[in-house]
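Each chain is listed here by its residues.
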Amino acid sequence: MTLTITIPSPRAIYQSADYRLLDLSTGRTFDFEAQKAVIINAFGWTAIVAFAGIGRTSAVDVSEWLAENVASIGGNDSFDRVVEALLGADSWLSPVEDAYRRHSFSVGAFVESTPLFALVSNHESTSGPRSTVAAKRLSVSSIRPSRATTFVSGQTAAVLRPERRRLARLVDRDPEASVVYDALAAANRAVSGSNALVSPSCFTSHIRLTGEGGARVHGPEGAPSIPSFAFPGDSRGAITRLIDEQFGPGGGRLVSMSTARFGATDAFHETQVREKPGDANVHSNFGAYLKEKKADVVGAEREYRKALQIEPNHVNALGNLANLLSERGDSDGARDLYQLAIAIEPPDENASWNFARFLTARDELVRARAVVDRTLKAVPGSARLRQLSGDMLLLEGRGKEALEEYDRAGQLSANCGVESGGAIALQLSGAPIGDTIAAYWTAIGFDPDDPVLHLNLAQLLFLKSEDREARVQLALAVSGGLENSAKLEAEFYQAAHTAADLAAVFSRVKGLLEAGARLHWDVAPNIDMVERTDPKRGDLLRRLKDVMTGELPVDRLPAG
């Protein structure tokens, strides 16, 4: 039985756990390879868990067992999943002799912003005296603290009541976390001076009702570099590799860590705003939540502007407010905010991406290209900026260069979604028609609802004389909600390759032209194909194309 101290309070919960165990067969003490505590972050709650009691059985290393169970808890699981996992310790506790089977897990948690302390134990509870005899099974007791209270497990009698009260009063004052860490480490060292079952080294941790948390190692230089379950799930391996790369294998040592939880609930954001009203990040994040999750654009704008009052150069608030104004139709206001956002060094990827798309939609390709190129120098690994660069090259008709950018984007991220642009780039670059058709089928597999993909595939299928499937693709394009310029293109294929009523086609074309639409796609291959077998229809299609592109006035539309 070693030492665990937990101090739950309404605003923060602190915990410490030492490293020492006792070998019952020899009576010799030794320091554990890992701390006996872990932090768990989920979407709606945060918890810290430490144990006192059995460190190993003949079949189980309790540290490893706890690590595996923590890793199995998913981000969407409820807090009850923690208690359920800990109760599973009965599977390896039950064979242990009664005299040595006493064991407790101390759990502090904030479920949303509500504090909770639970003991999962076979010999003690949150109320009443400890038992010197272990019960047959673990059970759960809990409290919801209204003020700080100190709970000691393991060497319970070693921390006297005055010290417990002193620690609780300190936590009630809500000082910086480091102050409480130092106080817990000092209390642990004081016990170790007179109790050989407690090591002078310990691991301290904390969580707050706002979702932040952290931990610190207190111990000699020879302490483990990465405690085996300070980082739940697969993240420990990634952190170990990173430290090994920086300091050489085994050359790094964990000193401290910080954690944070982001919640997509009203309660989470209300707590953040109440606890940290002067934090620009809090207001910017709340604005994004109101916009994306609640469709509350008025509330979102209010929070973005509060963030900017606190921090005028807050790049996320600038960019998000610019997006909101752009969607509202306030292009001038959006432009001003985007320009402020991208002027901040280093260039922000999100703001640059949104501003470049804003400019592209307004045919300001030169300016959009400058924004993307500048940001790519700072963020060369951005797959979506590479993809956007490819999209702009497509608009300029530079298919081969666009294809190169899409290839770079695909190498950076397999999920960046370049299939659509890549198929169009292949077509513009003059690739074999069979390869391009295959690329369109692949792109449609990824995005079956994109009408432009169906339209472009229809054109190629008409060129291959696969008219039946081409008409299916043309119908899917027309029913999919094409923009007006693409609708003109679809009407051209109706006139060129189907038995559609030409008078009706020309009437629809006239309406689209009068609305300002113009044909931008190269339909010359379709005209050439028709002209080889029907020169008269070919002439009609050439005049139709010239009217659609604006080279001839609308009154020169062919007669039906």
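Residues numbered from 1 in each chain as written. Predicted model: local features only at pLDDT ≥ 70, side-chain atom pairs only at ≥ 80, totals over all residues. Heavy atoms only, no water.

Draft legend 1. Structural context of the overall build of the protein. Each helix and strand counted, the protein has 23 helices and 13 strands in total. Whereas a compact globule of 560 residues would reach a radius of gyration of roughly 24 Å, the protein reaches 33 Å, over 25% beyond that. Principal axes of the C-alpha set define a box for the protein whose edges measure 105 × 50 × 40 Å. A total of 560 residues make up the protein; the buried ones form 49% of that total. At a minimum sequence separation of 6, the contacts of the protein that also span at least 24 residues come to 59%. Looking at the protein as shown, the accessible area adds up to about 26,100 Å², and 50% of this sits on carbon and sulfur atoms. Between the mean site of the 61 positive side-chain charges and the mean site of the 71 negative ones, the protein shows a separation of 6 Å. (Helix = DSSP H or I, 4+ residues; strand = E, 2+ residues; numbered from the N terminus. Rg over C-alpha atoms; globule rule 2.2 N^0.38 Å. Buried < 20%, exposed > 50% of the residue type's maximum accessible area, 1.4 Å probe, protein only. Contact = heavy atoms within 4.5 Å. Areas by Shrake-Rupley, 256 points an atom, 1.4 Å probe, with all protein chains shown as cover. Lys, Arg positive; Asp, Glu negative; His and termini not counted. Charge placed at Lys NZ, Arg CZ, Asp CG, Glu CD.)

Draft legend 2. Quick look at the sheet that holds strand S10 (residues 151-154). One open sheet accounts for six strands, arranged S10-S1-S2-S11-S12-S13; its pairing is antiparallel. With partners counted over all chains shown, the strands left at the sheet margins are S10 and strand S13 (256-259), one partner each. Taking each pair of neighbouring strands and ignoring which way they run, the sheet shows an average axis angle of 10 degrees. Inspection of the sheet shows strand S11 (residues 202-208) paired to strand S12 (residues 213-218) by six bridges, in the antiparallel sense. (Pairing = 2+ DSSP bridges. Axes fitted to C-alpha atoms, helices over the stretch in contact; angles between N-to-C directions.)

Draft legend 3. Structural context of the packing of helix H20 (residues 484-497) against helix H22 (residues 524-533). As a packed pair, H20 and H22 sit with axes 10 Å apart at the nearest point and diverge in direction by 10 degrees. As summarised for this structure, H20 and H22 are arranged roughly parallel, according to the angle between their axes. Counted together, Phe 492, Tyr 493, Ala 496 and His 497 of H20 and Asn 526, Ile 527, Met 529 and Val 530 of H22 form the full contact between these two elements. Considered class by class, the residues forming the contact of H20 with H22 number six nonpolar, two polar and no charged. (Parallel < 35°, antiparallel > 145°, perpendicular 65-115°, else oblique. Nonpolar A, V, L, I, M, F, W, Y, C, P; charged D, E, K, R; others polar.)

Draft legend 4. Representation of the packing of helix H9 (residues 297-310) against helix H10 (residues 315-328) within the structure. At a closest axis distance of 9 Å, the pairing of H9 and H10 adopts a crossing angle of 145 degrees. Along this stretch, H9 crosses H10, giving a crossing that reads as left-handed. Along its contact with H9, which presents Val 297, Ala 300, Glu 301, Tyr 304, Arg 305, Ala 307 and Leu 308, the element H10 presents Ala 317, Leu 318, Asn 320, Leu 321, Leu 324, Leu 325 and Arg 328. Its residues placed into classes, the contact of H9 with H10 shows 10 nonpolar, one polar and three charged. (Left-handed = near helix turned anticlockwise from the far one by under 90°.)

Draft legend 5. Local environment of the pattern of salt bridges. Summed over the entire model, instances satisfying the criterion amount to 30 salt bridges. Residues Arg 508 and Glu 491 are paired through a salt bridge, measuring 2.7 Å at the closest nitrogen-oxygen approach. Taken together, the residues span a long stretch of sequence, with Arg 508 in helix H21 (residues 502-514) and Glu 491 in helix H20 at a distance of 17 residues. A salt bridge links Arg 542 to Glu 531; the shortest N-O distance between them is 2.9 Å. With Arg 542 in helix H23 (residues 535-549) and Glu 531 in helix H22, this pair connects stretches of sequence that are 11 residues apart. (Salt bridge = Lys/Arg side-chain N within 4 Å of Asp/Glu carboxyl O.)

By themselves, these are just geometric observations and shouldn't be taken as functional.
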